There are 2 protein chains.
Amino acid sequence: MQFKLTHQAGRARAGQLTLRHGRIATTPLFMPVGTQAAVKTLDSRDLEELGVEAILSNAYHLYLRPGEDLVAAAGGLHGFMRWPGVIITDSGGYQVFSLSDFRTLKPDRVEFVSHLDGSRHVFTPEANMVLQHRLGADIIMALDVCVAYPAPVEEVRQSVELTTQWARLCRETHERLGGEQALFGIVQGGVIPAARQRSAREITDLDFPGYGIGGLSVGEGPELMNAMLDILDPLLPPERPRYLMGVGTPENLWDAVSRGIDMFDCAMPTRLARNGTLFTSQGRLVVKNAAYARDESPPDPDCACPLCRQYSRAYLRHLFNTREISALRLSTLHNLSFMLNLTRFIRESIQGGEFQRAREAFLSKYRSGDRPE
Amino acid sequence: MQFKLTHQAGRARAGQLTLRHGRIATTPLFMPVGTQAAVKTLDSRDLEELGVEAILSNAYHLYLRPGEDLVAAAGGLHGFMRWPGVIITDSGGYQVFSLSDFRTLKPDRVEFVSHLDGSRHVFTPEANMVLQHRLGADIIMALDVCVAYPAPVEEVRQSVELTTQWARLCRETHERLGGEQALFGIVQGGVIPAARQRSAREITDLDFPGYGIGGLSVGEGPELMNAMLDILDPLLPPERPRYLMGVGTPENLWDAVSRGIDMFDCAMPTRLARNGTLFTSQGRLVVKNAAYARDESPPDPDCACPLCRQYSRAYLRHLFNTREISALRLSTLHNLSFMLNLTRFIRESIQGGEFQRAREAFLSKYRSGDRPE
């Protein structure tokens, strides 16, 4: 993997990731989430039409269903889902923590039960690397240990220690397995500055080609998240990509890019879409509201996505009201289109040296619609 | 409306319907069902890409939700769903009969409760014409009276009588309302030959530009259905299009076209798709079967639809197993593509004077897969 920074504006960065097979993704990068080897409601052709460069899938989910053997037999995730772009897999550390009803953390492994059928499973750092190698993503993530928010200091300290130990084991296994995937380390530490600093130092000491920032956007709010990003910025090597995992809203993106973040993934835009909430240039629009029953204007008049090019708010509202699943799909196309356009706009503002002005212009309009974020 | 018969092969016919605004549909014609102003899982752009020429929507459903006022305000169904092709609305007579938990048939009206919320409603032939005029389809259907299968002779007789009376009232109202929509009469009569003959004579005496055949494919089986079509063929004016409502399977299509039928609609191909059953050149394929877990071949190797061009049986099965709604959409695209290709193949076989040979070749292969129809 190569990462080339091409432009900077303050701490905001624009660059390009080059991965194996010549796959390219430009940063700042927003990645739709395809947990189960599919971005919900869409297929790979839709992703190409949207201009998606990279997606995030998940080793926990794919391990449980359909299993890595089956994915490997199809030529890995790219072959299985016929998606030629960049794929990242998360290790599933977060899902073991958040989805399993029962899990036991040991120094060398986490035992958990499947959220699907209650069957018992174990992830070790070594086995998780084998799993992610077989799934075949371009970038894979180290197995980390997550904590809830808020969490006692002692628990945060333990998660940082284990995350470092496991990151070392992941790196060793990854090197032994060979291949051209890029392995990113993950910085934990909750919202405790000393823990974040320690985790950043320990993980960067292991020298990964890129760094994930985990354990944020879990309820701590934008002020605390931004404070953690401010703490991390000088501790992360500037020449390596920084991936803020599970973030975020349009406002989060501006905040994080201004603090040196390069990569994002978030299930929220697609989840909101399926619930009938659309991002627009003037803020969120809840299309099920009765106010739109006869509104013949497109959901976002500033948008040229497949939804806004063709359909009215009234028709989309009708599709939601009659439980047509095309409503979920059209809204997903729109919200992803919005996030991708926003990321492109941010990138161009960095390239043009107008990041701050663009940020203010966007947010001023985005907040003008009087629709709470 | 103009209907031009261009080719015949035995009793099989190929032709062309020209509707207002120059909208054209070729026959034999298979129409996907868009009950609620949407073909389930798809949008209008998908229909254009599939080469769909006409769809069937439903006045009962649209009357209840979103209501004809709202559709009329959007410029009718074409404007509401942004679909430039041909639209037919069924009157909803069948839905009043099949969906409502409670209905009362009177000589001049049917009273029914909404299957959505139990509210009480009335359809008269006159009001139903006003409703369908406001919905704005290119072809509208007379309000008919349906019976269950099997039904007592006396009930069938009553349904034929009322269907004729109402057809007359529909025609009078339609003429008074003016406009360029084409109103089709509907022949009822269950599976009782004398009742079918009487209904055909009475309805054709009213001189409609086209004729629906209702009350078939309701459990009577292909032999009885074909027998009824044989009875009707000499009674229906040859220069008018004949629309066999709610039919059918690939085998039904060959059977009915060979008996002089021009138009079809059926929800079954899309419903089967959503349940994971695909039409293929070698019969039906139940993609959820464990046998396909690692099958990297396309669902139908003979098919060039968006599903078969890009994805494997293994991947589609995974999408169904993980409840991804893209599975429903991709399967729907496939089954509609199959039905449209089949209709085109039948049409070309009539044009080429090879209907019988094409029918045998298709059915021989279709039945070779050892997959029960």
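**Q** How do you make sense of the domain arrangement of chain A when you look at a structure like this?
**A** Interface size is commonly expressed as the accessible area that is lost once the parts come together. Residues and elements named next belong to chain A. Along its sequence, chain A is carved into domain 1 (2–266) and domain 2 (273–358). Its C-alpha centre places domain 1 at a distance of 27 Å from the equivalent point of domain 2. Going through the elements one at a time, β1 (2–9), β2 (12–18), β4 (29–31), α1 (44–50) and α10 (250–257) are the ones with two or more residues in the side of domain 1 that touches domain 2. Considering every element that reaches the side of domain 1 that touches domain 2, the biggest residue donor is α10, with four residues.

**Q** I tried to follow the environment of A:M268 on my own but got confused; where do I start?
**A** Residue and element names in this part refer to chain A. Along the chain, the position of M268 falls in helix α11 (residues 268–274). C-beta crowding within 10 Å serves as the criterion here: with 18 such atoms nearby, M268 is assigned to the partly exposed category. Separated by 135 residues in sequence, M268 and H133 place their C-alpha atoms 27 Å apart.

**Q** I would appreciate a short explanation of the sheet that holds strand β8 (residues 109–113) of chain B in the present structure.
**A** Each strand in a sheet pairs with its neighbour through backbone hydrogen bonds, running either in the same direction (parallel) or in the opposite one (antiparallel). All names here are of chain B. Ordered by their spatial adjacency, three strands build an open sheet running β7-β8-β9, and the pairing between neighbours is antiparallel. Among the strands making up the open sheet, the edge pair consists of β7 (103–106) and β9 (120–123). For this sheet, the mean angle separating the axes of adjacent strands, direction not counted, is 15°. As defined by bridge partners, β8 adjoins β9 across four bridges and the pair is classed as antiparallel. Its bridge partner lying in β9, E111 is registered against V122.

**Q** What exactly am I supposed to notice about the pairing of strand β16 (residues 283–286) of chain B here?
**A** Residues in a regular strand project their side chains so that they alternate between the two faces of the sheet. Residue and element names in this part refer to chain B. Summarising the sheet, strand β15 (residues 277–280) and β16 pair through four bridges and their orientation is antiparallel. Each bridged residue has a counterpart across the sheet, and for T280 the counterpart in β16 is G283. Two successive antiparallel strands, β15 and β16, enclose a turn made up of two residues.

**Q** Is there a simple way to explain the relation of the copies chain B and chain A in this structure?
**A** The second copy of the chain is related to the first by a rotation about an axis and a shift along the axis. Least-squares fitting of chain B to chain A yields an RMSD of 0.0 Å, with the superposition described by an axial translation of 0.0 Å and a rotation of 180°. This pairing of chains is accounted for by a two-fold axis. When C-alpha positions in chain B are compared against the rotation axis, the closest is assigned to B:I325, at 3.8 Å. Both copies share a contact surface, since 100% of the interface residues of chain B are interface residues in chain A too.

Calculation rules
Residues numbered from 1 in each chain as written. Chains lettered and ligands numbered in written order. Predicted model: local features only at pLDDT ≥ 70, side-chain atom pairs only at ≥ 80, totals over all residues. Domains from an automatic or database assignment. Helix = DSSP H or I, 4+ residues; strand = E, 2+ residues; numbered from the N terminus. Buried ≥ 20, exposed ≤ 12 C-beta atoms within 10 Å, placed from the backbone. Pairing = 2+ DSSP bridges. Axes fitted to C-alpha atoms, helices over the stretch in contact; angles between N-to-C directions. Least-squares fit on C-alpha atoms with pLDDT ≥ 70 in both. Contact = placed C-beta atoms within 7 Å.

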